Amino acid sequence: MFLISFFTASIFRMVFGFILSIVLLAVLFIVVVGTLAVTGGPGACTPGDGPITVDAANSTSFQQKWDALNATLDGGAAGSTTLSESELSSRADTFLRQHDVGFNHPRVCVHNGSGEGSATFSFLGFDMKVKVRGTVDLTGRHPKAKIQHMDVGNIPGFLTGPAQKAVNRAIDSALDDVDLHHRYAPSLTPGQAAVGSVP
């Protein structure tokens, strides 16, 4: 009887120790990944045409150009407008201040055929630096980001899955608040985005 009790207690201690070890390893993994996410990370996107200025004047300039383009299209004529990185970044900053989706300090950089965006993303009470590269589809009711690459904090690429999903959801949520009244085709060259459409 004593041997059975001793054997049962030994097995219980081994199983309990094994489970405790797994729990401690999981907690350690979460702490390490969390620390990597909020310390350092990717820098701001690289401008295609000199320094980016984020201010109210550039945000207003973006809105005036966009409204003029839509007025032309609404009137039945084809139209286009060219937006600078400073205008794009400033309008993004204004929009994000008006809509609480977790992003702050956005920068939009434009290169040949693709764009880069960087921002600080607040998630579960922590701020992570995020940089994405890709394009945007402007042919539907709302813009759709087509992200080709994403960096989040200092997290190695093979561990960024959950963080990337959270960032993707936040980007989709933000873009769902933007209504498109026409189908637009962007043409991206260093430092600027030309947006055109036909009615």
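Residues numbered from 1 in each chain as written. Predicted model: local features only at pLDDT ≥ 70, side-chain atom pairs only at ≥ 80, totals over all residues. Heavy atoms only, no water.

Colleague: Hey, could you go over the overall build of the chain for me, with residue numbers and the actual values?
Modeller: Scanning the chain from N- to C-terminus turns up four helices and seven strands. Scanning the chain from its N terminus toward the C terminus, one meets helices and strands in the order α-α-β-α-β-β-β-β-α-β-β. Pairs at least 24 residues apart make up 61% of the contacts formed inside the chain by residues separated by at least 6 positions. Working note: accessible area of the chain is about 11800 Å², and carbon and sulfur atoms make up 63% of it. (Helix = DSSP H or I, 4+ residues; strand = E, 2+ residues; numbered from the N terminus. Contact = heavy atoms within 4.5 Å. Areas by Shrake-Rupley, 256 points an atom, 1.4 Å probe, with all protein chains shown as cover.)

Colleague: Before we move on, can you summarise the state of the cysteines with the specific residues and values?
Modeller: Applying the stated criterion to the full structure yields one disulfide. Disulfide pairing is shown between Cys-45 and Cys-109; the S-S distance is 2.0 Å. Between Cys-45 and Cys-109, the S-S dihedral sits near 70 degrees, and the bridge is therefore right-handed. Pair noted here: Cys-45 is in the loop between α1 (2-38) and α2 (56-74) and Cys-109 is in strand β2 (residues 103-111), with a separation of 64 residues, a long-range link. Residue classification places Cys-109 among the buried residues on the basis of a relative accessible area of 0%. (Disulfide = S-S within 2.5 Å. Buried < 20%, exposed > 50% of the residue type's maximum accessible area, 1.4 Å probe, protein only.)

Colleague: An account of the packing of α2 against helix α3 (residues 85-98) is needed here, citing residue identities and associated values.
Modeller: The N-to-C vectors of α2 and α3 enclose an angle of 100 degrees; their axes lie 7 Å apart at closest approach. For the element pair α2 / α3, the angle class is roughly perpendicular. Residue-level contacts link Asn-58, Ser-59, Ser-61, Phe-62, Gln-63 and Lys-65 of α2 to Ser-86, Glu-87, Leu-88, Ser-90, Arg-91 and Thr-94 of α3. Each residue belonging to the contact of α2 with α3 can be placed in one class, and the counts come to two nonpolar, seven polar and three charged. (Axes fitted to C-alpha atoms, helices over the stretch in contact; angles between N-to-C directions. Parallel < 35°, antiparallel > 145°, perpendicular 65-115°, else oblique. Nonpolar A, V, L, I, M, F, W, Y, C, P; charged D, E, K, R; others polar.)

Colleague: Residues and numbers for the nonpolar core, please.
Modeller: Phe-103, Phe-121, Val-130, Met-150, Val-152, Val-167 and Ile-171 are the most contacted members of the largest nonpolar core, which totals 17 residues. Counting residues per element, the ones that place at least two in this core are α3, β3 (114-123), β4 (126-137), β5 (144-152) and α4 (161-175). No other element matches α4, which puts six residues into this core. Core analysis: the next-biggest nonpolar cluster, separate from the first, contains 12 residues, Leu-69, Leu-88, Val-110 and Leu-138 among them. (Core = buried A, V, L, I, M, F, W, Y, C linked by side-chain atoms within 4.5 Å.)

Colleague: An account of the sheet that holds strand β7 (residues 192-197) is needed here, citing residue identities and associated values.
Modeller: With antiparallel pairing, the three strands of this open sheet are ordered in space as β1-β7-β6. The sheet terminates laterally at β1 (79-84) and β6 (185-189), the two strands that pair on one side only. Direction aside, the axes of adjacent strands within the sheet are offset by 20 degrees on average. Here β6 runs beside β7; their pairing, made up of five bridges, is antiparallel. If you follow Ser-187 over to β7, its bridge partner there is Ala-194. (Pairing = 2+ DSSP bridges.)

Colleague: Describe the side chain of Ser-59, and please don't skip the residues or the numbers.
Modeller: In this structure, Ser-59 sits in helix α2. Leave out the neighbours within four places in its chain, and Ser-59 touches Ser-90, Arg-91 and Thr-94.

Colleague: Could you give me a rundown of α3, with the residues and numbers involved?
Modeller: Here α3 spans 20 Å end to end across 14 residues, near enough to the 20 Å set by a 1.5 Å rise per residue. In terms of burial, α3 is a largely internal element, 10 of the 14 residues being buried. Listed in full, the buried residues belonging to α3 are Glu-85, Ser-86, Glu-87, Leu-88, Ser-89, Ser-90, Arg-91, Asp-93, Phe-95 and Leu-96. (Expected span 1.5 Å × (residues − 1).)

Colleague: Go over the environment of Val-110, please, and point to the residues and values.
Modeller: Examined against the element boundaries, Val-110 turns out to sit in strand β2. Taking the C-alpha atoms as reference points, Val-110 and Glu-85, 25 residues apart in sequence, are found 6.6 Å from one another. Ignoring any residue separated from it by four or fewer positions in sequence, one finds Val-110 in contact with Gly-48, Glu-85, Leu-88, Gly-115, Leu-188, Thr-189, Pro-190, Gly-191, Gln-192 and Ala-193.

Colleague: An account of the environment of Ala-57 is requested, with residue identities and associated values reported.
Modeller: Position of Ala-57 relative to the elements: it lies in helix α2. Classification of Ala-57 as exposed rests on a relative accessible area of 55%. When the C-alpha atoms of Ala-57 and Arg-91 are compared, they prove to be 9.7 Å apart, with 34 residues separating the residues in sequence.

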